[in-house]
Amino acid sequence: PIGYWEPLQEYQITFLKNMGLQPSHKVLDIGCGPLQGGIKLIEYLDANRYFGVDLCHEPIIEAYRQVAHYKLARKNPTLLVSNSFGQDELAGHTFDFFWMSQLLYHLPLKSIEAMLQHIRAQMTPSSVFYGDIIDYDIKLDADAHWRAFKFHHHQPCELQALAEKAGLNMDILGQIEEFGYPTGTRILKKNYMLKFWPCAPQASQTGPNARSKAELSPS
């Protein structure tokens, strides 16, 4: 949202640090745009640890301007145009954190399925992916869109099925306003943050954030 650049930067870096992000971690920021959140991540991470991809050329051009403006060239971030979520351009790389802020709901389920497959191939056993979806109880107009990107209403059970197909666990962590998202926004602050991580045959999903399949299905 216009006018929320600095609060959104703080929200993104604070959330990821609270989820365990360390300077030595390697991050793939999917849909990085002009580095609204990426600047804080580049500042925080060690050199060569930030990778940002975007579907369009214009945001990447502006992203490089932002890197120059904030004198962050020494951090050597990788910024790429990609229509494969970075899979084609970053083959052979693995990442500790995958981040997709306020964009997951612009993808149809087929694209999400492909993206989760790509992400799983670039994960280590301890990797995590975070992304948010629109509150599934909010009514959306059938033609709702932002610029050229349509809004899609995804149900947790649909995403859970795609995650399992990709070999991933999924959990709903809560609404993003609980994690510092600017509360002045009327609808987006109610988005739900999702966490995906690799399935491990011997692992059991226990603990305060664990949820059953039944709980992932909205009533």
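Since we're looking at a predicted model, the values are computed, not measured. Residue positions within a chain follow its written sequence, with the count starting from 1. In keeping with the predicted nature of the model, local features appear solely for residues at pLDDT of at least 70, side-chain atom pairs appear and are counted solely at 80 or more, and the whole-chain, interface and lining totals rest on all residues. For the side-chain quantities, the full set of heavy atoms in the structure was used; hydrogens and water were omitted.

1. Re the environment of D54
Defined as follows: To qualify as a helix, a DSSP run of H or I must reach at least 4 residues; to qualify as a strand, a run of E must reach at least 2; elements of each kind are numbered from the N terminus. The contact criterion used throughout is that any non-hydrogen atoms of two residues lie within 4.5 Å. Two N or O atoms count as a polar contact when they lie within 3.5 Å, although within protein this holds only if one can serve as hydrogen donor and the other as acceptor, and sequence-adjacent residues are included solely when both atoms are side-chain atoms.
Take D54: it is sitting in strand β2 (residues 50-54). Separated by 25 residues in sequence, D54 and D29 place their C-alpha atoms 8.7 Å apart. Ignoring sequence-local partners within four residues, the contact set of D54 consists of G31, C32, G33, P59, I60, L80, V81 and S82. Polar side-chain contacts of D54 include one of 2.9 Å to the backbone nitrogen of G33. Of note is the side chain of D54, whose polar atom sits 3.0 Å from the backbone nitrogen of C56.

2. Description of helix α1 (residues 5-18)
Here is the rule we go by: Multiplying 1.5 Å by the helix residue count minus one yields the expected span of that helix. For each residue, the accessible area found with a 1.4 Å probe, counting protein chains only, is set against the maximum for its type, and the residue is called buried under 20%, exposed over 50%, and partly exposed in between.
In this model α1 runs 20 Å from its N-terminal to its C-terminal C-alpha over 14 residues, within 8% of the 20 Å that 1.5 Å per residue would give. L8, Q9, Y11, Q12, I13, F15 and L16 are the residues of α1 that are buried. Where the residues of α1 are buried, they touch α2 (38-44), β4 (95-100), β5 (123-133), β8 (168-175) and β9 (192-198). Looking at the residues trailing α1, positive phi occurs at G20, about 110 degrees.

3. Some thoughts on the nonpolar core
Stated formally: By convention a nonpolar core is built from buried Ala, Val, Leu, Ile, Met, Phe, Trp, Tyr and Cys residues, the set being connected through side-chain atoms within 4.5 Å.
Formed by 29 residues in total, the largest nonpolar core has its most connected members in M115 and F129. Only β1 (27-30), β2, β4, α4 (109-121), β5, α5 (156-165), β8 and β9 provide two or more residues apiece to this core. Looking at which element gives the most residues to this core, the answer is α4, with four residues. Residues in contact with M115, not counting those within four places in the same chain, are I30, F85, M100, L104, L107 and F129. Core analysis: the second largest hydrophobic core is formed by 27 residues, L21, I42, L79 and W99 among them.

4. Quick word on the pairing of β2
Going by this rule: Here, any two strands with at least 2 DSSP bridges between them count as paired. Looking down the strands as they point away from the viewer, one classifies a crossover as right-handed if the path from the first strand across the helix to the second runs clockwise.
With five of five residues buried, β2 is to be regarded as a mostly interior element. Side chains of β2 alternate between two faces, with Y50, G52 and D54 and F51 and V53 buried alike. Here four bridges tie β1 to β2, and the two strands are oriented parallel to one another. Following the sheet pairing, L28 is matched in β2 by F51. Between the parallel elements β1 and β2, the chain passes through α2 in a crossover that is right-handed. In terms of strand pairing, β2 meets strand β3 (residues 78-81) through four bridges, oriented parallel. Residue pairing in the sheet places V53 in a bridge with L80 of β3.

5. Let's talk about α4
Filter applied, for reference: To be clear, the arc concerns the directions from the helix axis to the C-beta atoms.
Helix length check: α4 (13 residues) gives 19 Å between terminal C-alpha atoms against 18 Å at 1.5 Å per residue, within 8%. Of all the residues in α4, the buried ones are I112, M115, L116 and I119. For α4, the angular spread of the buried residues around the axis is 100 degrees, confining them to a single face. Exposed side chains of α4 directed beyond 90 degrees from the buried face belong to K110 and A121. On the buried face of α4, the contacting elements are β1, β4, β5, α5, β8 and β9.

6. Description of the packing of α4 against α5
The relative placement of two packed helices is expressed as an angle between their axes plus a distance between the axes. Convention followed: In this analysis an axis means a line fitted to C-alpha atoms, helices contributing only their contacting stretch, and an angle means the value between N-to-C directions, from 0 to 180 degrees. Left-handed describes a crossing whose near helix is turned anticlockwise from the far helix through less than a right angle; right-handed describes the clockwise counterpart. Polar here means any residue outside two lists: the nonpolar Ala, Val, Leu, Ile, Met, Phe, Trp, Tyr, Cys and Pro, and the charged Asp, Glu, Lys and Arg; Gly therefore counts as polar.
The geometry of α4 relative to α5 is characterised by a closest axis approach of 9 Å and an angle of 35 degrees between their N-to-C directions. Along this stretch, α4 crosses α5, giving a crossing that reads as right-handed. Across from L109, I112, E113, L116 and Q117 in α4, the residues of α5 making contact are E158, L159, L162, A163 and K165. Considering only residue class, the contact of α4 with α5 consists of six nonpolar, one polar and three charged.

7. Side note on the environment of I176
Summarising the element assignment, I176 is placed in the loop between β8 and β9. With a relative accessible area of 0%, I176 lands in the buried category. When the C-alpha atoms of I176 and L188 are compared, they prove to be 8.2 Å apart, with 12 residues separating the residues in sequence.

8. A look at the sheet that holds β5
In spatial order, the strands read β3-β2-β1-β4-β5-β9-β8; together these seven strands make up an open sheet with mixed pairing. Sheet topology places β3 and β8 at the edges, where each strand pairs with a single neighbour. Taking each pair of neighbouring strands and ignoring which way they run, the sheet shows an average axis angle of 15 degrees. Across seven bridges, β8 lies against β9 in antiparallel orientation. Paired with L168 across the strands is P198, a residue of β9. The strands touched by α4 within the sheet are β1, β4, β5, β8 and β9, with β5 carrying the most contacts at an inclination of about 150 degrees.

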